[in-house]
Amino acid sequence: MAQPATFSELDAERAEFYRHLLRQMLLIRRFEERAGEAYAQGKIGGFCHLYIGQEAVAVGGIAALGDDDYILASYREHGHALARGMGAREVMAELYGRVTGCARGKGGSMHLFDVSRGFLGGHAIVGGHIPLAAGTAFAAKYRGTSQVTLCFFGEAAVNIGAFHETLNMAALWKLPAIFLCENNRYGMGTALERASAVWDIAHRACSYDMASETADGMDVLAMYDSTKRAVDRARNEGLPTLIEARTYRYMGHSMADPIHGHYRTKEELEEQKQRDPIESFRQRLFDEGLLDQETNDRMVADIEEEVEDAVKFSEDSADPDDEELFTDVYRD
Amino acid sequence: MAQPATFSELDAERAEFYRHLLRQMLLIRRFEERAGEAYAQGKIGGFCHLYIGQEAVAVGGIAALGDDDYILASYREHGHALARGMGAREVMAELYGRVTGCARGKGGSMHLFDVSRGFLGGHAIVGGHIPLAAGTAFAAKYRGTSQVTLCFFGEAAVNIGAFHETLNMAALWKLPAIFLCENNRYGMGTALERASAVWDIAHRACSYDMASETADGMDVLAMYDSTKRAVDRARNEGLPTLIEARTYRYMGHSMADPIHGHYRTKEELEEQKQRDPIESFRQRLFDEGLLDQETNDRMVADIEEEVEDAVKFSEDSADPDDEELFTDVYRD
Amino acid sequence: MSTVTYRDALNQALREEMERDPNVFLMGEEVGVYQGAYKVSRGLLERFGEQRVVDTPIAELGFAGVGVGAAMVGLRPIIEFMTWNFALLAIDEVVNSAAKMLYMSGGQMPIPIVFRGPGGAALQLGAQHSQAFESWYAHVPGLKVVAPATPYDAKGLLKSAIRDDNPVVFLEGEMLYNTKGEVPEEEYVVPLGVADVKREGTDVTVIVHSKTVAVGMKAAQQLEEEHDISAEVVDLRTIRPLDSQAIVQSVQKTNRCVIVEEGWPFCGVGAQVAFEIQRDAFDDLDAPVERVTGADVPMPYNKKLERATKPSPAAVVDAVKRVAYID
Amino acid sequence: MSTVTYRDALNQALREEMERDPNVFLMGEEVGVYQGAYKVSRGLLERFGEQRVVDTPIAELGFAGVGVGAAMVGLRPIIEFMTWNFALLAIDEVVNSAAKMLYMSGGQMPIPIVFRGPGGAALQLGAQHSQAFESWYAHVPGLKVVAPATPYDAKGLLKSAIRDDNPVVFLEGEMLYNTKGEVPEEEYVVPLGVADVKREGTDVTVIVHSKTVAVGMKAAQQLEEEHDISAEVVDLRTIRPLDSQAIVQSVQKTNRCVIVEEGWPFCGVGAQVAFEIQRDAFDDLDAPVERVTGADVPMPYNKKLERATKPSPAAVVDAVKRVAYID
Ligand SMILES: Cc1ncc(C[n+]2csc(CCOP(=O)(O)OP(=O)(O)O)c2C)c(N)n1
Ligand SMILES: Cc1ncc(C[n+]2csc(CCOP(=O)(O)OP(=O)(O)O)c2C)c(N)n1
Ligand SMILES: [Mg+2]
Ligand SMILES: [Mg+2]
């Protein structure tokens, strides 16, 4: 849906929808903050890649999907899972490695799955899930369903072969897939400019004669609109799209990495935070009279409760039984 | 060197050079015909990918190089080896698997090497040698020499990840490399249009902000000029180039494959042969008075002798000793 | 029964399973219009159409991943690698995606996919085109690895592989495609994970798979005729899961064992089989387990050298004589 | 002697060899500006500059190939894989280009290159980030495979690997980087292909490498204290070429052997070692060779399950008791 001239025109349903988007972003932000704390306390181990700063991309993008559509993401996917409606409990419990987690504690932070919601993972090899996304799109076309596949990956992934091989096939075979590149400007400690000969990621679509656009990844409505256009193109014309979302990562690459240092300055970080996707959107809703302080405060309080409940649920949950070590290796 | 208005302006040296180009193309054509015969007689085994029809690409391209420059090619590289000045004896003997071959009979038709001439192989994994070429270019830059690397590959190789990863690094790092794509319209039995979302291969350079051009692969002078421009760009500016040479393969993919059939018609083949790179260039030299019948006939006779000598040399040569099975696995 | 080639037996299996289940499709380089680089898929495009017989660009990593993705949502892809040498480019999707998805998803997502194509050496194809990787794939939990030797086994095992809900690495042999054998007219399958005694014997167990079955059979005949040694030839057929029981039973009977494989020796299939035999039949062994393998070198192009790298009946006979302590 | 970490020992080796030979350079993801994902290359960019410490895009296949190409014309690249899991994407260049070039070129073109990075599991990194591939690389003729366990060996072996004219796969361990040990002030190298007896013993040989050296040593101590069993701990250090002689000598002395490795069991390093032992020391063995390996499953994320997959001193002690026929 195209964005109306002013918010005052908005019907109640739209207002509700916008508050929902805000709520999801707030939930993700708070969830990630708590996950970070739990990690610092040693309650969560392994790699933990937080999504703070990029909330608008997953929330706006996934809001444009239908319930039957497919989503694949990288290892930085907590936010995407929550935006898809997976419970904070199941997601947090997975980070805790509990049997109550969305992958029974066997997948972990980088491998969140909920097949019932078409959330097909969390994948930890950069670029490795991009061909998989073309595969789910191929399956939808094969079966003649109208399902669309939305694949999230970082800007550093465009330099790997899997991206190239997949986009060529997706364009050649006209697959209903959306390749959504979250350009947060860094792959670990490497700035885009030091890894890619072309700094305009959307431009990479030229090699595949594929539709593409660049969107403001700090604006949840812009992300929604861009993705919606791509969803319509995929569903109605069966054509793929490459979307570049310009966003920014607030935390270190993972909880084990420095927030700033060799590769970026504290100043740059502070400056970027001025574009905060949540504060800007919230302010907008205040200004347009779509949100009042009380509703906001209730929302924040609910989320606080929801996240604390998820933490408690996770801490109270059990580890998988020892037998689970050997289950799910093969399906018989 | 830019091509002058009419050939009549040409100095003797230039005329000599053109006859040299013709001779190389004739040598390759005859060499390949004889290799094909020997294969049919069971004297050459394995895969044998003939270059007939594409002679102008290797001859024109390699003529633009200096003696210290590097060349890497695919498994369809007999012509490139001969154009680089490797002896018909050493090349034919390698096809025969003789110890007198340019790789002691251990490499074979797909793995011709002559390090002394900077001919760094024959490689049989599609796209596999493209990163290697960036590596030799990297080495030249690392050492501060002015050596250029010329890498030949087919149009089907542009769809594989190695092509993408390499061109990005070559552009990003400003490597003195030339990526020369021989677009003969088919990868085995698959037409370009059925494998690539974009039919204009040179256009693929857009993803890397790399210089590119399309050249008539049936015109040896056009190939020379295009490659020369790229060589100058690499040597003087240290920048890479993607060249697409539009050419055509007369024979089957390999001697084991049909010349036409499911994937292309006899008519298309016959039509393409009208563009024959040798006949057209020879006619041109006749018309411009740069070649007379007698010189031509002598050239043809010399080549016939040279190729027959290579065949005889190969048939008379010995296989490697049994001990050679275990040598060259490691260098101590 | 009718006599068909290994190639046609595979073609029959593909055809029958595609007829049987609309979720089964074939994807790979040259599988359609070109009828298959080795003609295994001949006629399938005409029968099933472009949607189910899909020609791909040269992009092994990409199309292997497309197959895994399609399997994630319930299709049953058959991914043909023109040869297994090229699968090195796709091995990340085979190992990190296909083999681990069920486990990583906590059991939510089985990957019913078959990766197939010719493995090992043919004739003078050189170092990059002559490699046998069964031990690599068999190393990986989550994968099943099959390597049939006869038309009968090829058809029956491929049908089982296609119906299996796990990723199956199916290794054929370019040198086997033209070999002929009996195949029943009626429908049948050969279960995965079950070895087959190709020849009964009492004095020594010769363990083989894929192309080395013929080598083992020739050697067994020679041993019988020239040395009056009765060799039992056990064809693994499936490398993973390994039919350890069949192996140990045979060795407990013969007390001697020689393992033959085309691949390189170090950490090859025979190393694992030998380890299991000495572990499970230690007291039954009258001699150390011997192996005959491909030479430990990249494949040379020269015909004579290439032949010297390959396991031969003569080498197997010699190994048997060693384990039988004959001269 | 001074006490340094495994990480710093590797850093010293890189630094010294880069000082020694201008043809040596380091290339990989985050090796420069970021100082290395695991800080092994800390300070090298500052010392040697961007030309010799090269940050790459995420393109394992591509930059591994760039390294091989540079080695083809005489440079001596050190290619860092952030972890060996990602090297699956580059394995075609390692196996088909690096390992075969010398042979395919008839001896014209050696490939003096080192591929290095951490292998195996760390802590809770999940299925795709916790794999040990030494048996895969050791399978391939043309490659050398090294897996040091101590700072002393890490430094000495890396220096030898960099000076070697062949492609060397150098497997480090994320869990080892912080471990400390004695390293001489003065220059030294440790030759490739030579195992090291980390602990002398008479009753049983425990064969280990990389992270399992610590496991074997703990088990040996426990065996001594609790069971009065004297275990000899042999650290392979180099997997290929394997120091078969050292292994057999030890087993001929102890007559019993347990092999420990972090990787998956099927066709693992221990399978090859066990095969060689039963072949070369058959009559010396008083019990079958036993193995303790990583569990035969994709790595689970859960901490408890992950711990259960890893070889433990307790498991080694049990295996030794089995080969010693104790209760
Ligand atoms: C093939 C591969 N190489 C390297 C890594 C290690 N690694 C994990 S994330 C990452 C950076 C990815 O950056 P980007 O794609 O921009 O995603 P972001 O982390 O910024 O969300 C790297 C190098 C990996 N997981 N896979
Ligand atoms: C990675 C890989 N996949 C498949 C093959 C098998 N194969 C050899 S050549 C070829 C076609 C290549 O076509 P193109 O690149 O256009 O070169 P041409 O043969 O036309 O010169 C294929 C599919 C291979 N050698 N390597
Ligand atoms: Mg990024
Ligand atoms: Mg072509």
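What counts, and where the lines are drawn
Residues numbered from 1 in each chain as written. Chains lettered and ligands numbered in written order. Predicted model: local features only at pLDDT ≥ 70, side-chain atom pairs only at ≥ 80, totals over all residues. Heavy atoms only, no water. Helix = DSSP H or I, 4+ residues; strand = E, 2+ residues; numbered from the N terminus. Rg over C-alpha atoms; globule rule 2.2 N^0.38 Å. Buried < 20%, exposed > 50% of the residue type's maximum accessible area, 1.4 Å probe, protein only. Areas by Shrake-Rupley, 256 points an atom, 1.4 Å probe, with all protein chains shown as cover. Lys, Arg positive; Asp, Glu negative; His and termini not counted. Charge placed at Lys NZ, Arg CZ, Asp CG, Glu CD. Least-squares fit on C-alpha atoms with pLDDT ≥ 70 in both. Contact = heavy atoms within 4.5 Å. Donors = N, O, S within 2.8 Å, 3.2 Å for Na, K, Ca; no water. Near = heavy atom within 4 Å. Polar contact = N/O pair within 3.5 Å; in protein donor to acceptor, adjacent residues only side chain to side chain. Nonpolar A, V, L, I, M, F, W, Y, C, P; charged D, E, K, R; others polar. pLDDT = per-residue confidence, 0-100. Disulfide = S-S within 2.5 Å.

**Some details on the overall build of chain C**
Logical step 1: A count of helices and strands for chain C gives 12 helices and 14 strands.
Logical step 2: Computed over C-alpha atoms, the radius of gyration of chain C comes to 20 Å, within 12% of the 20 Å expected from 2.2 N^0.38 for 327 residues, which places it in the range of a compact globule.
Logical step 3: By residue count, 75% of the 327 residues in chain C fall in the buried class.
Logical step 4: For chain C, the accessible area works out to roughly 8,700 Å², and carbon and sulfur atoms hold 48% of it.
Logical step 5: Here chain C holds 31 positive side-chain charges and 46 negative ones, and the gap between their average locations is 3 Å.

**Focus: the relation of the copies chain D and chain C**
Logical step 1: Least-squares fitting of chain D to chain C yields an RMSD of 0.0 Å, with the transformation described by 0.0 Å of translation along the axis and a rotation of 180°. Here the copies are linked by what is in effect a two-fold axis.
Logical step 2: The residues that chain D uses at the interface reappear at the interface of chain C in 100% of cases, marking a shared surface.

**A few points about the coordination of the magnesium ion (ligand 3)**
For a metal with four donors in a tetrahedral arrangement, the ideal angle between donors is 109.5 degrees, while six donors in an octahedron ideally sit at 90 or 180 degrees.
Residue and element names in this part refer to chain A.
Logical step 1: Only E155 (OE), N184 (OD1) and Y186 (O) from the protein coordinate the magnesium ion (ligand 3), and they sit 2.0 to 2.2 Å from it.
Logical step 2: Taking relative accessible area as the criterion, E155 reaches 2% and is therefore assigned buried.
Logical step 3: Judged by relative accessible area, Y186 falls into the buried class, the value being 7%.

**Observations regarding the site of ligand 1**
Logical step 1: Y75, R76, E155 and N184 of chain A together with E60 of chain D are the nearest of the 22 residues found near ligand 1.
Logical step 2: One nitrogen or oxygen atom from the side chain of R76 of chain A is found 2.9 Å from an oxygen atom belonging to ligand 1.
Logical step 3: Protein burial of ligand 1: of its 580 Å² of free accessible surface, 96% is covered by the chains.
Logical step 4: For the shell around ligand 1, the per-class residue count stands at 13 nonpolar, 5 polar and 4 charged.

**Examining the confidence of the model for chain C**
Logical step 1: Looking at chain C, the pLDDT average stands at 98 and 100% of residues meet or exceed 70.
Logical step 2: Scoring of the predicted complex yields 0.98 for pTM and 0.98 for ipTM.

**Quick notes on the state of the cysteines**
Logical step 1: The tally for this structure, following the rule as stated, stands at 1 disulfide over all chains.
Logical step 2: Of all cysteine sulfurs, the one in C181 of chain A lies closest to C151 of chain A, which takes part in no disulfide; the gap is 10 Å.

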